[in-house]
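# Working through the structure, step by step
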Amino acid sequence: MITAIDFGTCWIRSAFRNPAHRDRLSVYAERAEYALIPNTEKHRQLLEEQSISIATCDNSLAILGNQINQVKWLSRLPSTPLLSDGIVPIDDPPARQMLNVLVNAVLPAPEGSMNLCAFTVPGSKDRSEQSRRNREFLSRLIEMKGYEPVEVGSAEAAVLAIGLESSFTGIAVVMGAETTEICISRLGIPLVSATLPLGSNWIDAEIAKQFKMHAWDGDGQCYIDLEAARSWKQTSMVSIRHPMGDREQTFARLYAVVMDRITRSISQMLKQPSIVSALGTQRLAVMLAGGPTRTTGFANLLTERLIEHELADRLLSIRTAQDPDLAVVRGALVFAELEASHRKGQEVAA
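Residues numbered from 1 in each chain as written. Predicted model: local features only at pLDDT ≥ 70, side-chain atom pairs only at ≥ 80, totals over all residues. Heavy atoms only, no water.

## A short note on the overall build of the protein
Where we set the bar: Labels follow the DSSP assignment, with helices taken as runs of H or I lasting at least four residues and strands as runs of E lasting at least two, numbered in each case from the N terminus. We take the radius of gyration over the C-alpha atoms and set the globule estimate at 2.2 Å times the residue count to the 0.38 power. Here a residue-residue contact requires only that any non-hydrogen atoms of the pair lie within 4.5 Å. Charged-residue counts in this description rest on Lys and Arg as positive and Asp and Glu as negative, His and the chain ends being excluded. Charge coordinates come from a single atom per side chain, which is NZ of Lys, CZ of Arg, CG of Asp or CD of Glu.
If you tally the helices and strands in the protein, you get ten helices and 16 strands. For 350 residues, the compact-globule formula gives about 20 Å, and the C-alpha radius of gyration of the protein, at 21 Å, lands near that figure. Considering only intrachain contacts with a sequence separation of at least 6, the fraction spanning at least 24 residues in the protein is 65%. Positive and negative side-chain charges of the protein, numbering 36 and 40 respectively, have mean locations separated by a distance of 4 Å.

Quick look at the structure:
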């Protein structure tokens, strides 16, 4: 069976072809977070009545994944990310076990002679020890499920998902919660990639800090309320192209900071000798994916920044994926299927 899993800081998503309808995709998504509530008899009873699975952590009950939405009213504490800053926890055995639970929940049982799973790794893509540990741990989780893991970059996967109109040639920008990934590809082959340590969590945190969005636990301890910032931008339908009011204007300025980093990186990447040699002065499509790119005005603001950086003559088009949240996992599935076809071709040739 061929599958894909996209490990994000906020969500873990999987995709595979429906066994009963091969032309349809089955997609699963679980929040990569857990919530803690008091470990009391009353709380246990309430959770049992709602058939909510629980795990015991010290003096608290842990609720995992999508079930968090059902228990928000039971705790004032903000939920805790399992991949904080895009990093697999080292000294948190319960969190590592929860990641294993979620992988088991979103991946189907393997079947057949070839079981591949393409996966993305969150956080930095450098050669640091932390990056290596992230990759190895997530690979082990996939192997424990019975699949052979095959890593693919988020932006590389996005090209395969939304690059058909441009012959899979162009610039993919995938903005996530903690990082933004950029990849320049030719005919689906990545030529150069970059990862920027900026994403929507930084923007949400700044909004929460500047406009005093806080939450307090039962002991009076104060927390930055990221959920409040996220809820505000979703329910208010904020436009970063035409901001109204102080909060929206601040929101737009923060997005502009990220846009400037993106455009500077693209400009530097296009000047690299290998890119000049492969693409010359060819106009390139810009493909956008990742939840934050759904923000109203994102594509327009990025276009302005690219023009300001004198890149207008390199642009063919700017297009946002039809479903920005799922573009990466869909592309990762395509990558896994291509890998499987390549291996089968090698077997036949042999």
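Read on for the rest.
## Some words on helix H9 (residues 298-308)
Rule in force here: For the exposure calls, accessible area comes from a 1.4 Å probe over protein chains only, and a residue counts as buried if that area is under 20% of its type's maximum, exposed if over 50%, partly exposed in between. Directions drawn from the helix axis to the C-beta atoms are what define this arc.
Considered for burial, the residues of H9 that qualify are Phe-298, Leu-301, Leu-302, Arg-305 and Leu-306. Taken around the axis of H9, the buried residues stretch over an arc of 140°, which confines them to a single face. The inward-facing, buried residues of H9 contact strand E10 (170-175), helix H7 (245-270), strand E15 (284-289) and strand E16 (315-320). With its phi angle positive at about 60°, Glu-310 sits one or two positions after the end of H9.

## Let's talk about the packing of aromatic side chains
Spelled out, the test is: Ring geometry is summarised as follows: Phe, Tyr and Trp rings, the Trp one being its six-membered ring, pair when their centres sit within 6.5 Å, and such pairs are stacked at plane angles under 30 degrees, edge-to-face over 60 and tilted between the two.
Taken as a whole and assessed by the stated rule, the structure comprises four aromatic pairs. Relative to Phe-251, the ring of Trp-232 has its centre 5.5 Å away and its plane inclined at 90°; by these criteria the two rings are edge-to-face. Of this pair, Trp-232 sits in helix H6 (residues 226-235) while Phe-251 sits in helix H7, and the two are 19 residues apart along the sequence. We classify Trp-232 as buried; its relative accessible area is 13%.

## Some words on the sheet that holds strand E1 (residues 2-7)
Quick reminder of the rule: Here, any two strands with at least 2 DSSP bridges between them count as paired. Axis angles are defined between N-to-C directions and span 0 to 180 degrees, where every axis is a line fitted to C-alpha atoms and, for a helix, only to the segment in contact.
Reading across from one edge, E3-E2-E1-E8-E9 is the order of the five strands in this open sheet, with mixed pairing throughout. Strands with a single pairing partner mark the edges of an open sheet, and in this sheet they are strand E3 (21-31) and strand E9 (148-151). The mean angle between the axes of side-by-side strands here comes to 20°, regardless of whether they run parallel or antiparallel. Here five bridges tie E1 to strand E2 (residues 11-18), and the two strands are oriented antiparallel to one another.

## Structural notes on the pairing of strand E12 (residues 189-196)
Summarising the sheet, strand E11 (residues 180-186) and E12 pair through seven bridges and their orientation is antiparallel. The residue of E12 that forms the bridge with Arg-186 is Ile-189. A loop of two residues connects E11 with E12, the two strands running antiparallel in sequence, and Leu-187 in this loop sits at a positive phi of about 55°.

## A look at the packing of helix H2 (residues 93-106) against helix H3 (residues 129-144)
Counted only if it meets this: An angle below 35 degrees is treated as roughly parallel, one above 145 as roughly antiparallel, one from 65 to 115 as roughly perpendicular, and anything else as oblique. Left-handed describes a crossing whose near helix is turned anticlockwise from the far helix by less than a right angle; the clockwise case is right-handed. Asp, Glu, Lys and Arg are counted as charged, while Ala, Val, Leu, Ile, Met, Phe, Trp, Tyr, Cys and Pro are counted as nonpolar; the rest, among them Gly, fall into the polar class.
Relative orientation of the contacting elements H2 and H3 amounts to 45°, with a least axis distance of 10 Å. Regarding the angle of H2 to H3, the classification is oblique. Note that H2 runs across H3; the crossing there is right-handed. Across from Arg-96, Leu-99, Asn-100 and Val-103 in H2, the residues of H3 making contact are Phe-137, Arg-140, Leu-141 and Met-144. Considered class by class, the residues forming the contact of H2 with H3 number five nonpolar, one polar and two charged.

## Structural notes on the sheet that holds strand E4 (residues 33-38)
A sheet is described by the order of its strands in space; here four strands give the open sequence E5-E6-E4-E7, paired in antiparallel fashion. Looking along the sheet, the strands with just one partner apiece sit at the ends: strand E5 (55-57) and strand E7 (80-81). Packed on one face of the sheet, helix H1 (residues 41-49) meets E4, E5 and strand E6 (60-64) and runs near 25° to E6.

## Considerations on the nonpolar core
Defined as follows: Each nonpolar core is a collection of buried residues, namely Ala, Val, Leu, Ile, Met, Phe, Trp, Tyr and Cys, held together in the definition by side-chain atoms within 4.5 Å.
By size, the foremost hydrophobic cluster in this structure holds 37 residues, and its most contacted members are Tyr-255 and Ile-266. It is H7 that provides the largest number of residues to this core, a total of ten residues. Residues contacting Tyr-255, with those up to four places away along its chain left out, are Met-175, Ile-203, Ile-240, Pro-292, Thr-295, Phe-298 and Leu-301. Counting 30 residues, the second largest nonpolar core, distinct from the first, contains Ile-162, Cys-183, Val-328 and Val-329.

## Structural notes on H2
Side chains that are three or four residues apart share a direction in an α-helix, a result of its 3.6 residues per turn. What counts is decided by this rule: For a helix, the expected span equals 1.5 Å multiplied by the residue count minus one.
When the terminal C-alpha atoms of H2 are compared, their 20 Å separation across 14 residues agrees well with the 20 Å that a helix rising 1.5 Å per residue should span. Within H2 the residues assigned to the buried category are Ala-95, Met-98, Leu-99, Leu-102, Val-103 and Val-106. Here the buried residues of H2 occupy an arc of 145° about the axis, which is enough to place them on one side.

## Some words on the packing of helix H5 (residues 200-210) against H6
Two numbers describe how H5 lies on H6: the axes approach to 8 Å, and their chain directions differ by 100°. By the criterion of interaxial angle, the relationship of H5 to H6 is roughly perpendicular. Each of Ser-200, Asn-201, Asp-204, Ala-205, Ile-207 and Ala-208 in H5 lies in contact with H6, whose residues at this interface are Leu-226, Ala-229, Arg-230, Trp-232 and Lys-233. Of the residues that constitute the contact of H5 with H6, the class distribution is six nonpolar, two polar and three charged.

## Some remarks on the pairing of E6
Summarising burial for E6: five of the five residues are buried, a large majority. Here E6 shows two buried faces, one formed by Ser-60, Ala-62 and Leu-64 and the other by Leu-61 and Ile-63. Sheet analysis places E4 next to E6, joined by five bridges and oriented antiparallel. Paired with Pro-38 across the strands is Ser-60, a residue of E6. Sheet analysis places E5 next to E6, joined by three bridges and oriented antiparallel. Paired with Ala-55 across the bridge in E6 is Ala-62. Where E5 folds back onto E6 in an antiparallel hairpin, the turn is made up of two residues, including Asp-58, whose phi is positive at roughly 55°.

Read these as spatial facts, not as claims about activity.
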